[in-house]
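Summary of structural features
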Amino acid sequence: GAGVFSHETALAGHGLAQVLPARVHLTVSPAWRRRRVTVPEGVVLHYAVVGEDARGWLGPVPLTTAARALNDCAREGLAPDLLLLAVEQALRRGLATRGELVEVAKALEPYGGIPRVDSDRLVTRGVVAGAGGAAASGPDPGAPPPAAGG
């Protein structure tokens, strides 16, 4: 099959973590390993099968889905702070689900794992950050639950 932009390049395409990769990452079929291809400077080739369920589009440009890009980056050792930020953004924007992020969960396990995210706020390790990004102490365990609707 045709190549697809992947890894940090796909994260940038999805607008995650403001990742600005120094090199373009492209995933091509493992069959390409046998070809004698001159890879341009600034391009990193990865060899893997990328199924239709892991492909997306940015206009006419094929790229891996956010979930696939996050798992690829986790496997390749993307800095944990960038990975965590990208995961938080992808979850909040509905670009990926926790269940899709198996490799990410493994990579972030030493750092507290994948944060819980709901539609209105990010809840991570006892700190609640509102949509404005300001952090406050976690909810008071003795406080009544919030009123319905908000």
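Structure's up top.
Just so we're clear, the structure is a prediction, and the values are computed from it rather than from any experiment.

1. Brief notes about the overall build of the protein
Tallying secondary structure elements over the protein gives four helices and nine strands in all. Reading the protein from its N end, one meets helices and strands in the order β-α-β-β-β-β-α-α-α-β-β-β-β. For the protein, buried positions account for 36% of its 150 residues. Sequence separation of 24 or more characterises 44% of the internal contacts of the protein that already satisfy a separation of 6 or more. For the protein, the exposed area adds up to about 9,100 Å²; of that, 55% sits on carbon and sulfur atoms.

2. Description of the pairing of strand β5 (residues 61-64)
Looking along a regular strand, one sees side chains alternate from face to face of the sheet. Sheet topology places strand β4 (residues 55-58) next to β5; four bridges connect them, and they run antiparallel. From the neighbouring strand, Gly56 faces β5, where its bridge partner is Leu63. Linkage of β4 to β5, two consecutive antiparallel strands, is achieved through a turn of two residues, within which Gly59 is found at a positive phi near 60 degrees.

What counts and how
Residues numbered from 1 in each chain as written. Predicted model: local features only at pLDDT ≥ 70, side-chain atom pairs only at ≥ 80, totals over all residues. Heavy atoms only, no water. Helix = DSSP H or I, 4+ residues; strand = E, 2+ residues; numbered from the N terminus. Buried < 20%, exposed > 50% of the residue type's maximum accessible area, 1.4 Å probe, protein only. Contact = heavy atoms within 4.5 Å. Areas by Shrake-Rupley, 256 points an atom, 1.4 Å probe, with all protein chains shown as cover. Pairing = 2+ DSSP bridges.

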